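Observations on the three-dimensional arrangement
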Amino acid sequence: MSWEKNVRKVVPYVPGEQPKMNKIIKLNTNENPYPPAPGVQEAMKALTKTFGTLRLYPSPTCDMLIDALSEYYGIDKDKIFVGVGSDDVLDTAFLTFFDFKDKQSGNLLFPDITYSFYDVWASLYRIPYETVPVNDDLTINYRDFCKGNAGGIVIANPNAPTGIELPVKGAIEEIIKSNPDCVVIVDEAYADFGDETALSLIDRYDNLLVVRTYSKSRSMAGMRIGMAFGNPKLIKYMNDVKFSVNSYTMNIPALCYGVASLHDEEYFRTTVGKIVATRERSKEKFRKLGFSVTDSKTNFLFVSHPLKPATEIFAALRERGIIVRHFNNKRIDNYLRITIGTDAEMDELFAALEEIL
Ligand SMILES: *Cc1c(COP(=O)(O)O)cnc(C)c1O
């Protein structure tokens with residue numbers, strides 16, 4: 001078609017499948033196996049009583065959620081940005097901070113093995129980028145990001161799909177410190193399951209943006225809530241871009257349930273603690289079955305078997321109704337990424353693996 005020359009052509013991100021079959025064990029998209037906090041259900045009931053307010057636009061500045069996050073994290077409101085999942089927040093950040101104008105600025109850098117959405121946004125916005133190979137053991141060599149010649153940096157910590165965490169002191173902080181002339185995004189989608197966070201550094205480094213999500217640790221992937229923390233100038237620039245695309249990103253239920261989730265700290269700690277305990281138990285179990293397992297600090301494991309190809313294990317599990325994730329990337333195509341489910345779900349997984357291997 002002659003109009004096709006003017007089409008913005010992109011190779012899209014491929015999300016993990018959401019199968020329609022019932023009675024499956026779904027361990028492929030890092031969803032939380034436990035429901036959201038009970039207070040979220042109360043908020044749902046309350047919202048049905050104010051049904052009529054749906055005719056109104058939501059708050060364009062998302063005040064109630066920003067206020068609640070500010071109180072929860074003890075971070076000033078003007079240092080917080082929220083969006084429709086952290087994918088939306090990251091998308092806005094890429095569009096805002098990586099508009100390279102001159103050839104002086106270096107490329108956007110991120111590891112070759114990481115969240116596979118980063119190169120999609122970079123391509124969508126025509127951002128020159130370079131991937132930095134991780135070590136053979138899949139760890140990130142932070143010094144590769146400390147050369148000070150980057151136009152921007154994105155690091156997931158813990159990294160996905162490896163699950164491996166970098167220390168903030170002496171690694172993440174060095175990256176931020178070595179790159180004062182570009183924005184460094186630290187994607188902490190899984191930080192609640194790990195030991196490290198760069199949140200406390202946002203006041204010290206004006207080039208640091210920390211991104212978080214409700215999708216994993218808060219069991220609310222279906223609500224689409226994500227947030228970013230950074231100095232007020234970074235946040236203002238992101239808001240300028242947001243208000244140039246869509247003022248009303250967050251709908252009324254998302255704002256209400258997002259607030260409600262923060263009010264039940266005990267539930268949050270309990271469910272995160274259960275997942276961490278199941279994860280550690282599962283690591284041992286995988287090792288006993290002969291798998292190599294990275295030291296994941298997330299709600300998933302990244303495993304590889306020396307004798308049985310990952311694609312075969314993937315297919316055999318699928319036949320038994322257990323869905324995990326495989327990536328068609330040469331360096332990691334013999335690995336499977338397996339979300340931590342309930343203890344019962346993991347027991348079914350291990351029973352299936354014992355049959356398959
Ligand atoms: C899941 C994930 C996201 C996106 O999460 P949202 O559901 O969009 O909040 C972002 N980064 C990483 C590394 C993830 O694993």
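It should be noted that the structure appears before, not after, this text.
The structure presented is a predicted model; accordingly, all values stated were derived computationally and were not measured. (Residues numbered from 1 in each chain as written. Predicted model: local features only at pLDDT ≥ 70, side-chain atom pairs only at ≥ 80, totals over all residues. Heavy atoms only, no water.)

The next subject is the sheet that holds strand 5 (residues 152–156). Judged by pairing direction, the sheet is mixed, and its 7 strands sit side by side in the order 2-8-7-6-5-3-4 without closing on themselves. The sheet is open, and its two edges are formed by strand 2 (80–83) and strand 4 (129–132), each paired on a single side. Here the average twist between neighbouring strands, direction ignored, is 20 degrees. Pairing of strand 7 (residues 208–213) with strand 8 (residues 226–229), which is carried by 4 bridges, proceeds in the antiparallel orientation. Residue pairing across strands places Val211 opposite Ala228, the latter belonging to strand 8. Against the sheet, helix 3 (residues 85–97) contacts strand 2, strand 3 (108–111), strand 5, strand 6 (184–187), strand 7 and strand 8, and its axis sits at roughly 160 degrees relative to strand 7. Sitting on the sheet, helix 6 (residues 232–242) is in contact with strand 2, strand 7 and strand 8, with an inclination near 30 degrees to strand 2. (Pairing = 2+ DSSP bridges. Helix = DSSP H or I, 4+ residues; strand = E, 2+ residues; numbered from the N terminus. Axes fitted to C-alpha atoms, helices over the stretch in contact; angles between N-to-C directions. Contact = heavy atoms within 4.5 Å.)

This part takes up the packing of aromatic side chains. In this structure the tally under the stated criterion is 19 aromatic pairs. Taking the centre distance of 6.1 Å and the plane angle of 70 degrees together, the rings of Phe98 and Phe100 count as edge-to-face. In textbook terms, an aromatic cluster arises when at least three aromatic residues are bridged by ring pairs, as seen for Tyr13, Phe94, Phe98, Phe100, Phe110, Tyr115, Phe117, Tyr118, Trp121 and Tyr129. Here the basic side chain of Arg218 rests over the ring of Tyr72, its NZ or CZ set 5.0 Å away from the ring centre. Over the ring of Tyr214 we find Arg218, and its NZ or CZ is 5.7 Å from the ring centre. (Phe/Tyr/Trp six-rings, centres within 6.5 Å; stacked < 30°, edge-to-face > 60°. Lys NZ or Arg CZ within 6 Å of the ring centre and 35° of its normal.)

The local shell around the ligand consists of Gly85, Ser86, Asp87, Leu90, Tyr115, Asp187, Ala189, Tyr190, Thr213, Ser215, Lys216 and Arg224. At 2.5 Å from an oxygen atom of the ligand is found a side-chain nitrogen or oxygen belonging to Thr213. Here an oxygen atom of the ligand and a side-chain polar atom of Ser215 are 2.6 Å apart. Here the ligand, which alone exposes 390 Å², has 92% of that area covered by the protein. The cavity that encloses the ligand is the largest pocket. Looking at the shell around the ligand, the element that brings in the most residues is helix 3, giving 4 residues. Residues belonging to the shell around the ligand are distributed by class as follows: 4 nonpolar, 4 polar and 4 charged. (Near = heavy atom within 4 Å. Polar contact = N/O pair within 3.5 Å; in protein donor to acceptor, adjacent residues only side chain to side chain. Areas by Shrake-Rupley, 256 points an atom, 1.4 Å probe, with all protein chains shown as cover. 1 Å grid on protein atoms, 1.4 Å probe; cavity = no way out; pocket = protein on both sides within 12 Å on 5 of 7 lines; lining within 4 Å. Sits in = over half its atoms within 2 Å of the grid points. Nonpolar A, V, L, I, M, F, W, Y, C, P; charged D, E, K, R; others polar.)

Further remarks concern the nonpolar core. Formed by 58 residues in total, the largest nonpolar core has its most connected members in Leu65, Val82 and Leu208. In this structure Val82 touches Cys62, Leu65, Ile66, Leu69, Val89, Gly226, Met227, Thr249 and Met250, once residues within four positions along its chain are discounted. Core analysis: the next-biggest nonpolar cluster, separate from the first, contains 32 residues, Tyr34, Ala189, Leu289 and Ala310 among them. (Core = buried A, V, L, I, M, F, W, Y, C linked by side-chain atoms within 4.5 Å. Buried < 20%, exposed > 50% of the residue type's maximum accessible area, 1.4 Å probe, protein only.)

What follows concerns the sheet that holds strand 10 (residues 300–304). Pairing in this open sheet of 3 strands is antiparallel, and the strands run 9-10-12 from one edge to the other. Since the sheet does not close on itself, it has two edges, and those belong to strand 9 (292–293) and strand 12 (336–339), each with one partner. Here strand 9 runs beside strand 10; their pairing, made up of 2 bridges, is antiparallel. Paired with Ser292 across the two strands is Ser304, which belongs to strand 10.

A few words now on a nonpolar patch on the surface. Together, Met1, Trp3 and Val7 give the surface a local cluster of nonpolar side chains, amounting to about 360 Å² of exposed area. Mapped onto the elements of the fold, Met1 is located in the segment before strand 1 (25–26). (Patch = residues over 30% accessible without salt bridge, like charges linked within 9 Å, V, L, I, M, F, W, Y side chains within 5 Å. Salt bridge = Lys/Arg side-chain N within 4 Å of Asp/Glu carboxyl O.)

Attention now moves to empty space enclosed by the protein. A complete count under the given rule lists 3 cavities of 30 Å³ or more for this structure. In terms of lining, the largest cavity is formed by Pro35, Pro36, Ala37, Ser217, Arg218, Ser219, Ser261, Asp264, Tyr267, Phe268 and Thr271. Looking at the lining of the largest cavity, the element that brings in the most residues is helix 8 (residues 265–288), giving 3 residues. When its volume is computed, the second largest cavity comes out at roughly 40 Å³. Lining the second largest cavity are Leu138, Thr139, Ile140, Ile155, Ala156, Asn157, Asn159, Ile164 and Leu166. Class assignment for the residues of the lining of the second largest cavity results in 6 nonpolar, 3 polar and no charged. (Points joined across faces, edges and corners; volume = space filled by probe spheres on them.)

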